[in-house]
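Reading the structure
What follows is the residue order along each chain.
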Amino acid sequence: MIHEIRANKDTFKTIRFKGGVNIILADKTEESDEKDSRNGIGKTSIIEIIHFCLGSKIEDEKGLGKIELKDWVFELDIDIRDEKYTISRGTSNPEICTIQGDFENWDEHVKKNVSGHKVQITPNELNKLLGSYFFGIRSEDIVEKTHNPSFRTLLSYFVRRRKDAYSEPFKYFSTQKPWQTQVSITFLMGLNWKYAREWQSVKDKEKEIKSLEKALKADTFSHIAGSLGELETKKLRLKSKSENTKSQLDAFQVHPQYRDIENEANSLTQQIHDLINTNLTLKRRLETYQKNIKEEEDLSSNDIKNVYEKAGLEIPNLIVKRLDEAMNFHREIIKNRTDYLVDEIELLKTKINETESTVTTLSEKKSELMAILNTHKALDEYNLIQQKHLKTISELESIERKIDLVRKFEQDKSDLKIWKENLKKSTQQDYFEQEPTWSNLITTFNEFSEQLYESPGNLVINIKDSGYHFDVEIQRAESSGVALMEIFCFDLMLASFWAKKEYSPGFILHDSLIFADVDERQIANALTLSQKISKENNFQYICCLNSDKVPQSLLHDDFLNDNVVLSLKDYPESECLFGFRF
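Residues numbered from 1 in each chain as written. Predicted model: local features only at pLDDT ≥ 70, side-chain atom pairs only at ≥ 80, totals over all residues. Heavy atoms only, no water.

1. Some remarks on the sheet that holds strand S1 (residues 2-7)
Just so we agree on the cut-off: By definition, two strands form a pair when at least two bridges between them are found by DSSP. Numbering of helices and strands starts at the N terminus; helices are DSSP runs of H or I of at least 4 residues and strands are runs of E of at least 2. Should any heavy atoms of two residues lie within 4.5 Å, those residues are considered in contact. Orientation is described by axes fitted as lines to C-alpha atoms, over the contacting stretch for helices, and by angles from 0 to 180 degrees between their N-to-C directions.
Taken together, the six strands give an open sheet; going across it, the order is S2-S1-S4-S5-S6-S7, and neighbouring strands pair in antiparallel fashion. For this open sheet the edge positions go to strand S2 (15-16) and strand S7 (118-121), each flanked by a neighbour on one side alone. Summarising the sheet, S1 and strand S4 (residues 73-80) pair through five bridges and their orientation is antiparallel. Across the sheet, residue Ala-7 finds its bridge partner in S4, namely Phe-74. Running at roughly 70 degrees to S4, helix H1 (residues 43-53) makes contact with S1, S2, S4 and strand S5 (83-90) of the sheet.

Here you go:
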């Protein structure tokens, strides 16, 4: 339980608490005018001080972080493990929390730092210790880094702060994540909270699968269509193609002057072709000259005489004489022509031999060049093949990546389905095994709600495909007042449940918001119920209450005298919690 709250400033109103019901009453004095208000007199700051001393963060220029409270140090006397301790923390040095008391039974790492019955630790260290000492959170259960119960989260159900905490029973702020609600409520209600943590892991996996599906539909793979089998076929085809181009590249020999050699070989081919054509012309001319020599025969005068005799004619002697002279002249001409042809034939033979020799030389040189061209390739041809190979490899890698994603997607979907089904069975099995616990909680909630309203309310626990689902039902729940009483009954139920456990905070605290828009009869019933239950179960019920919301006629005469531990007024300012308003 909480024993006392005080500060290092004389203007602060020290608050001393007792067992059972403790009321901080905010009163509006007769002297106050219309501009005065109970807002800012400090009742809500009491909740902030408790959270601050128990390790919460301090916000700049908000709450206790305002400049008006610079250099303030708050002290909280509180029971921890059935022993009284004092926790002090200052606004100017909020990273240090000082604890004073007997640390004989505390953890070794705390005991070794004790000096003069005091130890200084960080807020994070304090939260870890209080998580163990208030709620029994075991370090061996917090094996995963995320989605675990924490002292700060659990305490927020026992000391609800700010307006968001009074919206529904299972949340302490409006943007609370589902896993925080599931883990916290299952832990507080004695169910296996590890299943709630695992349900969040399932949800995380579902998000991962959706992201995977989105990746498969992304532009990166939009051009790669087909089923897994079709993709495997494309993969084999591309793999074979890549191996083929790789073999070509491995066997490819690049000659740096390949194009020069190729041009030279082409030039030699043209030269050889021209020489062969020239030789062919020379040979034809040679044949003609040789034929002409054979056809050149000597024509004698006797041949002419024989022609005349056959004709029965006689050649005169004068004609015969002239004929002999003509034949001699003809023979001279034939001889000169023959000599010319012989010279020409010899010249042609020489040219033909020289041409053939040149053709042979050029052909040999061409053969050498062709041998190089046959065993080497041009660099641009190599680059072309390489580009084709790289393109094939890129396509193959894209196919392989998509195949891996498709396989993972299909496998993850299958595994997730099995995982969810097994988890649901395990959660249901635990739910059945914990029936004595949750049935007692449901009965307690129903009994409390029946104390406030004619018809009992219902606390509902379901196990759906997304994990645990909690709900409360009280007739006339459309009224904001009834919704607030759902929170009241739920919190009172938790306080009663934890008061019987080995570990417990030993108190719950509500702001005056808990009674806003609530009928005075229900307020009276709630206060009476809290007094009865807190005494029966040995825990504190602390609440802030505006004086005009106190249903005095419905409470016994000494109720306020017995339970008001601090009365704050809006006028003068010295009657506010801090002795001034800000």
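Further notes follow.
2. Overview of empty space enclosed by the protein
The line we're drawing: Cavities and pockets are found on a 1 Å grid laid over the protein atoms alone: a cavity is a set of points where a 1.4 Å probe fits but cannot escape, a pocket is an open set with protein on both sides within 12 Å along at least five of seven lines, and a lining residue has an atom within 4 Å of such a point. Grid points are joined across faces, edges and corners, and a volume is the space filled by probe spheres set on the points. Only Asp, Glu, Lys and Arg are considered charged in this grouping, and only Ala, Val, Leu, Ile, Met, Phe, Trp, Tyr, Cys and Pro are considered nonpolar; every other residue, Gly among them, is considered polar.
Per the counting criterion, the structure on display carries one cavity of 30 Å³ or more. Empty space within the largest cavity amounts to approximately 80 Å³. Per-class residue counts for the lining of the largest cavity are three nonpolar, two polar and six charged.

3. A word on the packing of helix H5 (residues 178-188) against helix H6 (residues 193-216)
Stated precisely, the cut-off is as follows: Working rule for angles: under 35 degrees goes down as roughly parallel, over 145 as roughly antiparallel, 65 to 115 as roughly perpendicular, anything else as oblique. In this scheme the handedness of a crossing depends on how the near helix is turned from the far one: anticlockwise by less than a right angle means left-handed, clockwise means right-handed.
The interhelical angle for the contact between H5 and H6, taken along N-to-C directions, is 165 degrees, at an axis separation of 7 Å. It follows from the interaxial angle that H5 and H6 lie roughly antiparallel. Read as a crossing pair, H5 and H6 show a hand that is right-handed. Between H5, through Pro-178, Trp-179, Gln-182, Val-183, Thr-186 and Phe-187, and H6, the contact on the second element is made entirely by Trp-193, Ala-196, Arg-197, Trp-199, Gln-200 and Lys-203. By residue class, the composition of the contact of H5 with H6 is seven nonpolar, three polar and two charged.

4. Re the layout of surface pockets
Volume-wise, the largest pocket comes out at about 730 Å³. In terms of lining residues, the largest pocket is bounded by 24 residues, among which Ser-56, Lys-57, Arg-152, Arg-161 and Tyr-172 are the most central. For the lining of the largest pocket, a count of residues per class yields six nonpolar, 10 polar and eight charged.

5. As for the sheet that holds strand S11 (residues 540-546)
Here four strands make up an open sheet; going across it, the order is S10-S11-S3-S12 and the pairing parallel. On the outer flanks of this sheet lie strand S10 (507-510) and strand S12 (564-569), each paired with one strand and no other. Strand after strand, the sheet turns through a mean of 15 degrees between neighbouring axes, direction not considered. Here helix H14 (residues 520-537) sits on the sheet and contacts strand S3 (20-27) and S11; the angle it forms with S3, its principal contact strand, is near 145 degrees.

6. Focus on the state of the cysteines
The line we're drawing: Defined by distance alone, a disulfide is two cysteine sulfur atoms within 2.5 Å.
Under the defined criterion, the tally for this structure stands at zero disulfides. Cysteine Cys-543 shares no disulfide, and the gap to the nearest cysteine sulfur, in Cys-544, comes to 7.0 Å.

7. A look at the side chain of Thr-98
Spelled out, the test is: Polar contacts, as counted here, are pairs of nitrogen or oxygen atoms within 3.5 Å of one another; within protein the pair requires one atom able to donate a hydrogen and one able to accept it, and residues that are adjacent in sequence qualify only if both atoms are side-chain atoms.
Along the chain, Thr-98 turns up in strand S6 (residues 97-100). Looking at Thr-98, its side chain comes within polar contact range of the side chain of Gln-120, at 3.5 Å. Not counting residues within four places of it along the chain, the set of residues in contact with Thr-98 comprises Thr-86, Ile-87, Ser-88, Lys-118, Val-119 and Gln-120.

8. A short note on H1
As a reminder, the rule being used: When accessible area is computed with a 1.4 Å probe and restricted to protein chains, residues below 20% of their type maximum are described as buried, those above 50% as exposed, and intermediate ones as partly exposed.
H1 sits mainly inside the fold: 10 of its 11 residues count as buried. For H1, every residue scored as buried is listed here: Lys-43, Ser-45, Ile-46, Ile-47, Glu-48, Ile-49, Ile-50, His-51, Phe-52 and Cys-53. The positive-phi residue at the C-terminal boundary of H1 is Gly-55, with phi of around 100 degrees.

9. What to know about the pairing of S6
Summarising the sheet, S5 and S6 pair through four bridges and their orientation is antiparallel. Bridge pairing in S6 places Thr-86 opposite Gln-100. What sits between S5 and S6 in their antiparallel hairpin is a turn of six residues. When S6 meets S7, the two strands line up antiparallel, connected through four bridges.

10. Focus: the confidence of the model for the protein chain
As a reminder of what qualifies: As a per-residue measure, pLDDT tells how confident the predictor is, with possible values from 0 to 100.
Taken over all residues, the pLDDT of the protein chain has a mean of 84, while the share at 70 or more is 85%. Counting contacts from residues 30-37, a segment whose pLDDT is below 50, to residues more than four positions away or on other chains yields 10 contacts.

11. Some words on a negative patch on the surface
What counts here: Patch members must show over 30% relative accessible area and no salt bridge, and they are joined within 9 Å when carrying like charges or within 5 Å when they are nonpolar side chains of Val, Leu, Ile, Met, Phe, Trp or Tyr. Here, Shrake-Rupley sampling with a 1.4 Å probe gives the accessible areas, and only protein chains in the shown set may cover a residue. Whenever a carboxyl oxygen of Asp or Glu lies within 4 Å of a side-chain nitrogen of Lys or Arg, that contact is scored as a salt bridge. Only four residue types enter the charge count: Lys and Arg as positive, Asp and Glu as negative, with His and the chain ends excluded. Charged side chains are reduced to one point each, which is NZ for Lys, CZ for Arg, CG for Asp and CD for Glu.
Side chains of Asp-82, Glu-83, Asp-102 and Glu-104 sit close together on the surface and give a patch of like negative charge. Topologically, Asp-82 is positioned in the loop between S4 and S5.

12. A short note on the packing of aromatic side chains
Stated formally: Any two rings among Phe, Tyr and Trp, with Trp reduced to its six-membered ring, count as a pair given centres within 6.5 Å; such a pair is stacked if its planes are under 30 degrees apart, edge-to-face if over 60, and tilted if neither.
Taken as a whole and judged by the stated rule, the model has 30 aromatic pairs. Judged by centre distance (5.7 Å) and plane angle (70 degrees), the ring pair of Phe-134 and Phe-151 falls under edge-to-face. Of this pair, Phe-134 sits in helix H3 (residues 123-135) while Phe-151 sits in helix H4 (residues 151-155), and the two are 17 residues apart along the sequence. Taken individually, Phe-134 and Phe-151 each receive the classification buried, so the pair is uniform in this respect. Aromatic side chains Phe-135 and Phe-151 sit 6.1 Å apart centroid to centroid with 50 degrees between the ring planes, which places their arrangement in the tilted category. Placement of Phe-135 in helix H3 and of Phe-151 in helix H4 is noted, with a sequence separation of 16 residues between them. You'll find Phe-135 and Phe-151 in the same group, each marked buried.

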